[in-house]
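Each chain, written out:
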Amino acid sequence: MKVRAMTAIAALLAAPLAAVAGPDGDELVVNGEINMVTQTEAPAHLDGALPELYSGWRFRSDETQALQMDDFDNPAMVFVDQAQEAWDTADGTEGKSCASCHGDAAESMAGVRAVYPKWNEAAGEVRTLEAQVNDCRENRMGAKAWKYDGGDMAAMTALISVQSRGMPVNVAIDGPVQATWEMGKEIYYTRYGQLELSCANCHEDNYGNMIRADHLSQGQINGFPTYRLKNAKLNTAHARFKGCVRDTRAETFSPGSPEFVALELYVASRGNGLSVEGPSVRN
Amino acid sequence: MKTTILTLAAALIGGAAWAGETAPGDVVYADGAVEASLTGTPGDAANGAMVVGSKKHGNCVACHQVSALADVPFQGEIGPALDGAGSRWSEAELRGLVANAKLTFEGSMMPSFYRVDGYVRPGNAYTGKAPDGPLTPLLSAQEIEDVVAFLATLKDE
């Protein structure tokens with residue numbers, strides 16, 4: 001066993017050095033005024049699992065990166081405009097809109113994205129932003145819940161996220177959310193599916209490396225919701241989780257499931273200190 | 001009646017095909033290596049090269065670079081380059097490595113290509129759904145033999 005491990009190490013050292021390795025050195029300033037932290041010290045709770053945090057933006061091509069640097073070029077901004085309309089429009093049996101309770105989103109929603117998922121004392125549960133939006137729709141507006149990872153929801157979280165751009169992600173991991181955080185951590189390190197791959201296999205052990213045509217990032221969610229050129233729409237974090245789990249030839253969890261809520265809290269905490277970038281642009 | 005006969009015939013053919021092969025659960029590993037051929041039919045290196053490079057088959061190049069397959073684009077860099085693998089490893093070791101690399105490298109990220117159990121939430125291929133029957137191995141017994149034959153040709157200069 002020992003001898004074989006050594007052989008493997010020798011082989012690794014002998015392998016030609018990768019053409020693309022690690023994140024690039026670019027700086028992200030949006031609209032020439034919002035300075036994004038795309039690289040920062042890892043939070044203490046990671047216990048050295050990552051030497052440094054990097055936003056997924058740092059792993060994308062210059063062309064893709066450029067789309068996120070100006071709101072006129074960012075294809076996600078159309079959806080922010082749509083959500084602003086939904087924000088101001090009454091829906092449901094109570095005749096209320098989001099604005100009826102929250103006024104101007106630019107004021108009331110500033111800082112919100114940065115601390116979600118978070119504990120809701122009254123409900124006694126960890127809430128994602130999506131769960132909170134649907135709680136308002138169902139219980140305050142008397143409106144139908146939106147599909148958890150559907151277009152209306154993704155757009156609304158984009159509108160909410162945009163009010164926190166540039167603020168550091170800062171989700172709490174202790175107190176009442178601790179058990180959920182631990183559950184998310186366990187999921188993160190479980191090797192699912194017939195390919196037996198965990199989130200950590202790709203996004204902790206191999207970020208910076210190519211897996212076939214894909215340049216692996218740290219799988220951070222500070223940029224969500226994210227507009228993907230690949231499917232030309234806004235994508236929620238849970239939809240992305242689902243895709244990554246499916247790619248391990250596993251039976252996935254559902255968007256909004258307790259497992260993905262826990263995973264979101266844990267993955268968000270791995271990005272504590274990076275700027276809120278949503279809505280971002282990825283390939 | 002006709003249907004029954006046909007089904008029976010199909011079952012017989014299926015059974016016959018399996019009879020010459022070692023099932024995933026019956027493979028004998030010694031220190032990670034597998035001495036006996038899984039099929040008794042010599043591997044076809046050319047088909048093995050196809051399996052290693054094709055996304056629909058082994059997709060080994062998702063993680064490994066192989067200079068001999070220079071025409072296959074986007075070779076990954078998760079594992080070591082496979083150049084010279086045929087010099088570093090015996091045929092039995094290569095067979096074991098491809099069938100179940102975890103018995104050679106503990107905790108390896110490399111998937112086990114000839115195994116059907118012991119998974120957490122295995123799915124029905126890439127559908128994201130639960131499987132609707134027993135799992136099939138990622139590669140067939142003959143594909144494993146073909147890949148081993150191809151790897152054996154990757155000698156040091």
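Okay, so let's go over this structure. Numbering of residues begins from 1 in every chain and follows the order in which that chain's sequence is written. Labels are handed out in written order, letters beginning with A for the chains and numbers beginning with 1 for the ligands. Only residues with pLDDT of at least 70 are given local features in this predicted model, and only at 80 or more are side-chain atom pairs given and counted; all residues enter the totals for whole chains, interfaces and linings. Excluded from the side-chain calculation are hydrogens and water; included are all heavy atoms of the structure.

### Describing the overall build of chain A
Then, in step 1: Within chain A, the secondary structure is distributed over eleven helices and eleven strands.
Then, in step 2: Radius of gyration: C-alpha atoms only; globule rule: 2.2 Å multiplied by the number of residues to the exponent 0.38. Over its C-alpha atoms chain A spans a radius of gyration of 20 Å, differing by no more than 12% from the 19 Å that the globule rule assigns to 283 residues.
Then, in step 3: On the principal axes, the C-alpha backbone points of chain A span a range of 70 × 40 × 30 Å.
Then, in step 4: Classification of the 283 residues of chain A by burial places 53% in the buried group. By the criteria applied, helices consist of DSSP H or I runs no shorter than four residues and strands consist of E runs no shorter than two, each listed in order from the N terminus. Only protein chains enter the accessibility calculation, which uses a 1.4 Å probe; a residue is then buried when its area is under 20% of its type maximum, exposed when over 50%, and partly exposed in between.

### What about the environment of B:Val51?
Residues and elements named next belong to chain B.
Then, in step 1: As for its position among the elements, Val 51 is in helix α2 (residues 45-53).
Then, in step 2: For Val 51, a relative accessible area of 0% corresponds to the buried category.
Then, in step 3: The sequence separation of Val 51 and Val 61 amounts to ten residues, and the corresponding C-alpha distance is 9.8 Å.
Then, in step 4: With residues near it in sequence (within four places) discarded, Val 51 still touches His 57, Gly 58, Asn 59, Leu 139, Glu 143 and Val 147. Contacts: residue pairs with any heavy atoms within 4.5 Å of one another.

### A few points about the packing of aromatic side chains
All names here are of chain A.
Then, in step 1: Only centres within 6.5 Å qualify two rings of Phe, Tyr or Trp (six-membered ring in Trp) as a pair; their planes then separate them into stacked at under 30 degrees, edge-to-face at over 60, and tilted for everything else. In the structure shown here, the tally under the stated rule is eleven aromatic pairs over all chains.
Then, in step 2: Taking the centre distance of 6.3 Å and the plane angle of 85° together, the rings of Tyr 54 and Phe 59 count as edge-to-face.
Then, in step 3: Given the relative accessible area of 12%, Tyr 54 is considered buried.
Then, in step 4: For Phe 59, a relative accessible area of 3% corresponds to the buried category.
Then, in step 5: On the basis of an interplanar angle of 80° and a centroid distance of 5.7 Å, the ring pair of Tyr 192 and Phe 253 is categorised as edge-to-face. Linking Tyr 192 in the loop between α8 (178-188) and α9 (199-203) with Phe 253 in the loop between α10 (237-246) and α11 (258-269), this pair joins segments that are 61 residues apart in sequence. Each member of the pair Tyr 192 and Phe 253 is classed as buried.
Then, in step 6: In this structure an aromatic cluster arises from ring pairing among Trp 181, Tyr 188, Tyr 189 and Tyr 266.

### What to know about the side chain of A:Ser275
All names here are of chain A.
Then, in step 1: Checked against the element boundaries, Ser 275 lands in the loop between α11 and β11 (280-282).
Then, in step 2: Using a relative accessible area of 1% as the deciding quantity, one classes Ser 275 as buried.
Then, in step 3: Two N or O atoms count as a polar contact when they lie within 3.5 Å, although within protein this holds only if one can serve as hydrogen donor and the other as acceptor, and sequence-adjacent residues are included solely when both atoms are side-chain atoms. At a separation of 2.7 Å, a polar atom in the side chain of Ser 275 contacts the main-chain amide nitrogen of Val 37.
Then, in step 4: Ser 275 has contacts with Asn 35, Met 36, Val 37, Gly 166, Met 167, Pro 168, Val 169 and Asn 222, leaving out every residue within four places of it along the chain.

### Let's talk about unusual backbone geometry
All names here are of chain A.
Then, in step 1: Across the junction of Tyr 116 and Pro 117, the peptide omega takes the value 0°, indicating a cis bond.
Then, in step 2: In this chain, Gly 278 is followed by Pro 279 through a cis amide linkage whose omega measures -5°.
Then, in step 3: Here Pro 279 shows up in the loop between α11 and β11.
Then, in step 4: With a phi close to 55°, Asn 31 is a non-glycine residue in the positive phi region.

### Side note on the packing of α10(A) against α11(A)
All names here are of chain A.
Then, in step 1: Axis lines are fitted through C-alpha atoms, for helices just across the contact stretch, and the angle between N-to-C directions can take any value from 0 to 180 degrees. Where α10 contacts α11, the axes come no closer than 10 Å and their chain directions differ by 100°. Between α10 and α11, the crossing angle belongs to the class labelled roughly perpendicular. Along its contact with α10, which presents His 238, Phe 241, Lys 242 and Val 245, the element α11 presents Phe 260, Val 261, Leu 263, Glu 264 and Val 267. What sets the label is the angle itself: under 35 degrees gives roughly parallel, over 145 gives roughly antiparallel, 65 to 115 gives roughly perpendicular, and the rest give oblique.

### A closer look at the sheet that holds β11(A)
Residues and elements named next belong to chain A.
Then, in step 1: The sheet built from three strands is open, its strands ordered β10-β9-β11 with mixed pairing. Each edge of the open sheet carries a strand with a single partner, namely β10 (233-235) and β11. The sheet shows a mean angle of 40° between the axes of neighbouring strands, direction not considered.
Then, in step 2: At least two bridges found by DSSP between two strands are what make those strands a pair. Where strand β9 (residues 226-228) lies against β11, three bridges are found, and the strand directions are parallel. Bridge assignment links Arg 228 to a residue of β11, and that residue is Arg 282.

### Describing the environment of A:Met36
Residue and element names in this part refer to chain A.
Then, in step 1: Mapped onto the fold, Met 36 is located in the loop between β2 (34-35) and β3 (39-40).
Then, in step 2: Its relative accessible area of 8% is what places Met 36 among the buried residues.
Then, in step 3: Spatially, the C-alpha atom of Met 36 lies 26 Å from that of Arg 127, the residues being 91 residues apart in sequence.
Then, in step 4: Those residues in contact with Met 36, other than ones at most four positions away along the chain, are Leu 28, Val 30, Arg 165, Gly 166, Ser 275, Val 276 and Glu 277.

### Focus on a negative patch on the surface
Then, in step 1: Together, A:Asp81, A:Glu85, A:Asp88, A:Asp104 and A:Glu107 make up a region of like negative charge exposed at the surface.
Then, in step 2: Take the negative patch: its biggest share by element is three residues, from helix α3 (residues 77-88) of chain A. Patch membership requires over 30% relative accessible area and the absence of a salt bridge. Like charges are linked within 9 Å, and nonpolar side chains (Val, Leu, Ile, Met, Phe, Trp, Tyr) within 5 Å. We get accessible surface area from the Shrake-Rupley algorithm with a probe of 1.4 Å; when it comes to residues, only the shown protein chains can shield them. Any carboxyl oxygen of Asp or Glu within 4 Å of a side-chain nitrogen of Lys or Arg constitutes a salt bridge here. Charge counting treats Lys and Arg as positive and Asp and Glu as negative, with His and both chain ends excluded. The atoms used to mark charge sites are NZ of Lys, CZ of Arg, CG of Asp and CD of Glu.

### Here's the deal with the interface of chain B and chain A
In many analyses, interface size is given as the accessible surface area lost on bringing the parts together.
Then, in step 1: The interface is formed by 47 residues belonging to chain B together with 36 residues belonging to chain A.
Then, in step 2: With both chains or domains summed, chain B and chain A bury close to 3,500 Å², and 56% of this area falls on carbon and sulfur atoms.
Then, in step 3: Put simply, buried area is how much 1.4 Å-probe accessible surface two parts lose in total, over both of them, once they are put together. On the chain B side of the interface with chain A, the three residues burying the most area are B:Glu77, B:Arg121 and B:Tyr126, jointly 22% of the side's total.
Then, in step 4: Between the two partners, chain B and chain A, sit two salt bridges.
Then, in step 5: In the scheme used here, Gly and all other residues not listed as nonpolar or charged are polar, with Ala, Val, Leu, Ile, Met, Phe, Trp, Tyr, Cys and Pro taken as nonpolar and Asp, Glu, Lys and Arg as charged. Classifying every residue of the side of chain B that touches chain A by side-chain character gives 22 nonpolar, 15 polar and ten charged.

Nothing here speaks to function; it is all geometry.
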